[in-house]
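Spelled out, the chains give:
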Amino acid sequence: MTDTKVIVIPDGKICDYIDGKFRNDTPEEYVRQTIEKRLVNEHKYLPSQIRIEYTLQVGSNKPRADIVIWDKDVTEQTQGTIKLIIECKKETVDARNAKDGIAQLQSYMSVCPNCEWGMWTNSIQKYVFRKYLDENGNICFMEYNDIPSADGNLDEVNRPSRKSLKNASDDNLLFVFKTCHNHIYVNDGMQKQPAFFELLKVIFCKIEDERNIPNPLEFYTTSEERSNPDGQLTVQKRISKIFEKVKKRHGKIFDTNDEIKLTPRSLAYIVSELQRYSLLNTNIDIKGKAYEEIVGANLRGDRGEFFTPRNVMKMVVEMINPKIDERVLDSSCGTGGFLVTAMTHVINQLEKSFSEQIGSSKQEWDADSIRTFQDKISEMASTNFFGFDINPDLVKATKMNMVMNNDGSGNILQTNSLLPPHEWTDEFKTRLADALGIKKSDIRNHNTISYFNVIVTNPPFGSKIPIKDKAILEQFELAHIWENDKTTGTWKMTDRLQSSVPPEILFIERCTQFLVPGGRMGIVLPDSILGAPGLGYIREWIIKNHRIIASIDLHADTFQPGNGTQTSVLFLQKKTKEQKDAEEKTGAMADYNIFMAMIEKVGHDKRGNPIFKHDKEGNEILVPDTNSVLVLGETGEGSRTIAHQQKKKIEDDQTPDVPPIFSEWKVQEGLSW
């Protein structure tokens with residue numbers, strides 16, 4: 001039976017994932033805890049096989065090894081029977097460091113006669129060694145791709161099968177992406193951004209290989225190949241063949257003469273880091289966090305871009321509730337987080353429907369069913385999901401994000417979507433028209449672009465990047481000067497244009513133009529639009545053209561670190577012509593309720609550090625981790641064992657609480673979506 005006891009954690013401490021002891025919350029400890037979770041959840045070692053900070057005898061010294069592991073059936077856990085040693089360091093410690101680098105690990109392995117394996121990591125560098133004796137009896141170390149899992153199967157370390165691919169857990173995928181990117185940056189002499197795009201090419205190859213069902217996986221390098229120049233060239237040829245398929249499938253992303261520019265040595269290293277994971281099946285939140293964090297570190301621009309936190313995107317998508325047959329747009333897609341979240345929401349509906357049709361759950365599907373389902377996803381994505389962004393690098397990054405999360409790269413297009421439609425490039429209009437199933441000539445001006453049912457977006461905002469182009473401003477009522485009638489309190493639009501307008505104001509109107517009548521949007525906006533006296537004309541325009549469904553006030557730290565703008569999410573439904581005509585005729589707006597909420601806790605502070613729930617005494621609390629594996633631990637009473645659930649902290653985040661309350665309110669208000 002699962003232990004549901006709540007544990008409190010003293011301030012500045014963490015509760016160790018393996019032994020439950022309190023330890024200081026340090027950068028080095030963060031690395032160790034992430035590795036511990038991987039050992040249990042991915043490699044399937046039992047906590048009873050693992051000891052933390054185990055004291056070794058090295059000559060007259062007694063250092064403590066970070067993590068040691070024994071075989072499951074070892075009769076006595078001693079220094080002489082240790083199988084594996086792991087050393088975890090903070091990012092600032094280099095592997096070549098004389099005291100704390102790989103030399104320290106190898107010295108520990110040398111004094112443990114049965115220790116065959118060792119791993120050293122600081123989260124951006126990782127080294128795995130297998131110890132052996134040469135013909136003269138000297139201790140030597142061979143570099144390996146990875147440590148073996150609990151079953152000791154080395155074939156899977158060198159060439160994984162489809163069945164052996166593992167879903168990444170916790171921050172391990174982020175560790176891998178950082179490690180790979182850092183390796184390219186340091187060893188291939190590339191700047192951060194080119195290094196990032198080379199990593200993307202290899203990730204594309206990994207996904208292409210995973211999709212190539214039922215053929216054996218070709219995205220791999222053996223430890224022997226990785227460690228010698230001839231083997232590295234063999235890996236380069238193997239991956240280059242996969243990249244040729246990638247270019248054919250994703251011709252809009254890669255040119256026909258594109259090639260992977262990494263040295264064979266770096267390519268082999270990166271393949272060895274990625275090959276054990278299933279990028280397609282790993283949980284979307286783990287993939288999204290890893291991907292968007294590394295994108296943000298390398299592609300963050302200066303156009304008012306700051307990427308929406310995942311918890312906020314999830315809340316918005318759950319509230320807006322896109323359906324299988326609806327067209328979804330993010331008109332400022334950034335890294336694609338909103339689109340991936342929306343697509344996942346719809347894929348869950350599609351999976352439920354498909355399972356009902358074929359009469360079996362996803363776990364029971366055969367290879368044909370999996371391929372059919374993937375085809376349905378690809379068809380839906382190419383028909384119903386659209387993303388626009390002005391930054392070509394972010395467009396490419398969004399396409400990658402969509403591909404990694406079930407394939408939807410077709411309609412991610414680069415454009416300045418505020419431009420008059422007749423000024424959009426011919427290529428953009430052609431591809432958009434093809435995807436929408438309309439004639440290119442139908443896209444004429446701002447009155448002929450209402451093709452989307454749902455919009456979820458966080459437009460760039462800020463007075464530092466105003467729009468001054470008269471040709472752009474002329475399309476928008478909100479770009480005109482409005483005058484306030486002091487007697488009636490209403491606003492009236494004049495014929496005169498403002499000299500400059502912040503982009504977020506224009507995006508409100510552009511998104512409305514993109515929506516079909518009755519379509520709905522969730523848009524992140526600065527609070528000034530909702531409260532500043534001088535911007536009352538915007539609020540009046542919004543009320544005239546939409547039913548205001550909801551307003552969610554976000555905490556000031558939501559977009560921290562990096563941006564402290566106070567924001568809200570506004571949910572709007574575009575009025576039909578009939579609704580507007582009826583209101584104009586009666587001179588009265590329709591009366592309705594608006595859902596309002598304040599998010600006072602978003603799970604992190606202004607530095608971006610996570611904030612966890614505390615008890616009444618101010619101590620952090622732990623609860624069972626339902627996402628970790630349930631393992632068996634010895635009770636110390638003979639052969640009896642008990643089920644043991646790992647525990648985790650709870651982020652102090654109110655965003656998940658809002659959608660279910662909103663869903664109930666929506667039913668009461670008679671809103672069918």
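Residues numbered from 1 in each chain as written. Predicted model: local features only at pLDDT ≥ 70, side-chain atom pairs only at ≥ 80, totals over all residues. Heavy atoms only, no water.

Helices and strands together make up the secondary structure of the protein, namely 20 helices and 23 strands. Relative to the 2.2 N^0.38 estimate, which gives 26 Å for 673 residues, the radius of gyration of the protein is 28 Å and therefore close to what a compact globule would have. In terms of overall dimensions, the protein has a C-alpha envelope of 95 × 65 × 55 Å along the principal axes. Looking at the protein as a whole, 53% of its 673 residues qualify as buried. Contacts spanning at least 24 positions in sequence make up 68% of the contacts within the protein whose residues lie at least 6 apart. When the accessible surface of the protein is split by element, carbon and sulfur atoms take 48% of a total near 30700 Å². (Helix = DSSP H or I, 4+ residues; strand = E, 2+ residues; numbered from the N terminus. Rg over C-alpha atoms; globule rule 2.2 N^0.38 Å. Buried < 20%, exposed > 50% of the residue type's maximum accessible area, 1.4 Å probe, protein only. Contact = heavy atoms within 4.5 Å. Areas by Shrake-Rupley, 256 points an atom, 1.4 Å probe, with all protein chains shown as cover.)

With that settled, consider the pairing of strand β15 (residues 491–497). In this structure, strand β14 (residues 480–484) lies alongside β15, joined through four bridges in antiparallel fashion. Note on β15: the bridge partner recorded for N484 is W491. (Pairing = 2+ DSSP bridges.)

Let's shift gears to the UniProt feature "domain: Type I restriction enzyme R protein N-terminal" (unreviewed entry) in the protein. UniProt marks residues 27–148 with the feature "domain: Type I restriction enzyme R protein N-terminal" (unreviewed entry), using the numbering shown here. With 20% helix and 30% strand, residues 27–148 has end C-alpha atoms that lie 26 Å from one another. (UniProt positions renumbered as here; feature names shortened; annotations may be inferred.)

Attention shifts here to the sheet that holds strand β5 (residues 64–69). On the basis of which strands lie adjacent, the open sheet formed by six strands has the order β4-β5-β6-β7-β8-β9 and mixed pairing. The open sheet has two edge strands, β4 (50–55) and β9 (139–144), and neither has a second partner. Across the sheet, the axes of successive neighbouring strands diverge by a mean angle of 30°, strand direction being ignored. Contacting β4, β5, β6 (84–88), β7 (117–121) and β8 (126–133), helix α1 (residues 27–41) runs over the sheet at an angle of about 10° to β5. (Axes fitted to C-alpha atoms, helices over the stretch in contact; angles between N-to-C directions.)

Along the polypeptide, Q232 turns up in helix α7 (residues 229–249). For Q232, a relative accessible area of 11% puts it in the buried group. Leave out the neighbours within four places in its chain, and Q232 touches E225, R226, S227, P264, R265 and A268.

Here we come to the environment of V128. With respect to the element layout, V128 can be found in strand β8. When the C-alpha positions of V128 and W117 are compared, they lie 7.4 Å apart, and in sequence the two are 11 residues distant. Once you skip the residues sitting within four places of it in the chain, V128 turns out to touch W117, G118, M119, M142, E143, Y144, N145, D146 and I147.

Oppositely charged side chains may form a pair once their charged atoms are brought near each other. Per the stated rule, a full pass over the model turns up 34 salt bridges. Measuring nitrogen to oxygen at the nearest pair gives 2.7 Å for the salt bridge that ties R32 to E29. Residue R32 and its partner E29 are both found in helix α1; the two are separated by three residues, about one turn of the helix. Comparing R32 with E29 shows no difference in burial state: the two are buried. When the shortest N-O distance is used, the salt bridge between R38 and E42 registers 3.3 Å. Both residues of the pair, R38 and E42, belong to the buried class. One network of salt bridges, with partners in common, ties together D16, D19, R23, E29, R32, E53, R64 and D66. (Salt bridge = Lys/Arg side-chain N within 4 Å of Asp/Glu carboxyl O.)

A few words on helix α8 (residues 264–274). An α-helix turns once every 3.6 residues. As a result, residues three or four positions apart point the same way. Along α8, nine of the 11 residues are buried, which leaves the element largely enclosed by surrounding structure. In this structure, the buried residues of α8 make contact with β8, α4 (172–187), α5 (192–211), α6 (223–226) and α7.

On to the packing of aromatic side chains, then. Across all of its chains, the model carries 27 aromatic pairs by this definition. On the numbers, 6.3 Å between centres and 75° between planes, the contact of F129 with F141 is edge-to-face. Here F141 lies in strand β9 and F129 lies in strand β8, a separation of 12 residues in the sequence. Looking at F129, the relative accessible area reads 6%, which means it is buried. Given a relative accessible area of 22%, F141 falls into the partly exposed group. Clustering of aromatic rings is evident, with ring pairs tying together F386, F388, W424, F428, F452 and F514. Seen from the ring of Y185, K192 lies directly overhead, with NZ or CZ sitting 5.9 Å from the centre. (Phe/Tyr/Trp six-rings, centres within 6.5 Å; stacked < 30°, edge-to-face > 60°. Lys NZ or Arg CZ within 6 Å of the ring centre and 35° of its normal.)

What follows deals with the packing of helix α10 (residues 310–320) against helix α11 (residues 337–358). As a packed pair, α10 and α11 sit with axes 9 Å apart at the nearest point and diverge in direction by 45°. The angle between α10 and α11 falls in the class oblique. In this structure, α10 crosses over α11, and the sense of that crossing is right-handed. Judged by residue contacts, R310, M313, K314, V316, V317 and E318 of α10 engage G337, F338, T341, A342 and H345 from α11. Its residues placed into classes, the contact of α10 with α11 shows five nonpolar, three polar and three charged. (Parallel < 35°, antiparallel > 145°, perpendicular 65-115°, else oblique. Left-handed = near helix turned anticlockwise from the far one by under 90°. Nonpolar A, V, L, I, M, F, W, Y, C, P; charged D, E, K, R; others polar.)

Another point: unusual backbone geometry. Residue P214 follows I213 across a cis peptide bond; omega there is 0°. Tracing the sequence through the fold places P214 in the loop between α5 and α6. With phi around 50°, E53 is a residue other than glycine that occupies positive phi space. Here E53 shows up in strand β4. On the basis of relative accessibility, which here comes to 28%, the residue E53 falls in the partly exposed class.

Its location among the elements puts K206 in helix α5. Residue contacts for K206: discarding those within four places in its chain leaves L165, F219, L274, Q275, Y277 and L279.

All right, on to the sheet that holds strand β16 (residues 515–526) then. Strand order in the open sheet formed by eight strands is β12-β11-β10-β13-β16-β18-β17-β19, with mixed pairing between adjacent strands. A single partner strand is all that each edge strand has here, and the edge strands are β12 (412–414) and β19 (595–598). Averaged over neighbouring strand pairs, the angle between their axes works out to 15° when direction is ignored. The pairing of strand β17 (residues 546–553) with β19 spans four bridges and is classified as parallel. In the sheet register, I552 faces β19, and the bridge partner there is A597.

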